[in-house]
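Descriptive analysis of the structure
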Amino acid sequence: MATNHLLEIKQYGQSIWIDNLTRDIIQSGELKDLVENQGISGITSNPTIFEKAIAGNVIYDADIEAGVRTGLPIQKIYESLVFADIRNACDILRPVYEASNRLDGYVSMEVPPTIAHDTEATIAEARRYFQEIGRENLMIKIPGTEPGLPAVEQVIAEGMNVNITLLFSVESYINTAWAYIRGLEKRVAEGKDISRIASVASFFLSRIDSNVDTKIDAKLKKGVDDIAVEAKLLAVKGKIAIANAKVAYQEYKKIIESDRWQALVAKGATVQRLLWASTSTKDPNYRDVMYIEELIGRDTVNTVPPATIKACADHCNVGDRLETDVDKAYTLIENLKDPDINIDLDAVMDELLVEGIDKFIQPFQSLMNSLEEKIKVLSPV
């Protein structure tokens, strides 16, 4: 049999999760096979994934019809479908959760994207999701917005696992890491156990390159008279996301060496791992597995969509690269300030966060609309 290169990644201290969840892969046994034989040790989901899974898929119709018969509103029908899939996925991953001593084996579910800027609503929904789904290996996804971070802190303090999502800038990652620490400290101050709480910080990749590359292409399209300037522009294309992630990892190392973190370790705290998200390559001119190959390293997670999982299993060149070319990474980020390039990375990150929330709100609303149409069709006359 051909080598599955995904299985080689674990030896470098990185876990591979799948960025996909549908009832089809649960019921067909595909998810069980991915977990037991293909090296997959966790799942992330989001409104886009659920919209693709549920809209136009008859596998959910019987449950939708049951919800209609009992008079459930659309939101509750949606939750009944999704919560069931999340519970089943958690059960499939429970052996991984136990065997890894709670390092892996998590299934992430996002609070509604429509409340991304509402701290109290986010806390309330996180509590409800965690209670109603009722699985220890559930991770609540909370966007890393400014109002989201106090919610992260509180939810951690209450003993829930959290996946902080939509992180683009290094600063947003640092803020997220300290929110996790503050939540654990609050729990310690209350005399509560912190050894069973897990968190990941989802740091997005390909969207950064897509945004920066578009800006570079626009400059090139206008015409560049100087060959040296053209070379500068081309030198940063397709390089910023990975460089940004490598810089974030250096910040992670500083944080875990801090006295505050070490005091929590002494109380049994589990490190908040950086999770590389948005790892499918958008530009066909780039290597299809570059966001996996270039960021393999200790105490990290890479959540990968199905097509990229297959590609990596087939031809990933596996090696410990997260801490290679770190000086070059800092230089690449700094070079964006060069007057000949003149790309404001902070502005890019702000733009991406706004877009990211919108990209989750749109499919969420589209799914609600699709469910409404299905309910009309399936409702008794």
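We now turn to the structure provided with this report. Here the structure is a predicted model, which means the values were calculated and not measured.

Rules of the game
Residues numbered from 1 in each chain as written. Predicted model: local features only at pLDDT ≥ 70, side-chain atom pairs only at ≥ 80, totals over all residues. Heavy atoms only, no water. Helix = DSSP H or I, 4+ residues; strand = E, 2+ residues; numbered from the N terminus. Expected span 1.5 Å × (residues − 1). Buried < 20%, exposed > 50% of the residue type's maximum accessible area, 1.4 Å probe, protein only. Contact = heavy atoms within 4.5 Å. Polar contact = N/O pair within 3.5 Å; in protein donor to acceptor, adjacent residues only side chain to side chain. Arc of directions from axis to C-beta. Disulfide = S-S within 2.5 Å.

Quick notes on helix H7 (residues 119-133)
Given a rise of 1.5 Å per residue, 15 residues ought to cover 21 Å, and the 21 Å separating the end C-alpha atoms of H7 matches this to within 8%. If you check which residues of H7 are buried, you get Thr119, Thr122, Ile123, Glu125, Ala126, Arg128, Tyr129, Phe130 and Ile133. If you follow the buried residues of H7, they end up packed against helix H6 (74-99), strand E3 (106-110), strand E4 (138-143), helix H8 (148-157) and strand E5 (161-167). Looking at where H7 begins, the residue whose side-chain oxygen comes 3.3 Å from the main-chain nitrogen of Glu120 is Asp118.

A closer look at helix H11 (residues 227-236)
Burial in H11 covers these residues: Val229, Leu233 and Val236. The buried residues of H11 all sit within an arc of 70° when viewed along its axis, so they share a single face. Those residues of H11 that are buried are in contact with helix H10 (206-222), helix H12 (240-256) and helix H16 (326-335). Capping of H11 at its N-terminal end is provided by Asp226; its side-chain oxygen lies 2.8 Å from the backbone amide nitrogen of Ala228. With its phi angle positive at about 70°, Gly238 sits one or two positions after the end of H11.

Details of the state of the cysteines
A full pass over the atoms with the stated rule returns 1 disulfide. The disulfide that involves Cys312 links it to Cys316, with 2.2 Å between the sulfurs. With the S-S dihedral at roughly -110°, the linkage between Cys312 and Cys316 falls on the left-handed side. Residue Cys312 is classed as buried on the basis of its relative accessible area, which comes to 0%. A relative accessible area of 3% places Cys316 in the buried class.

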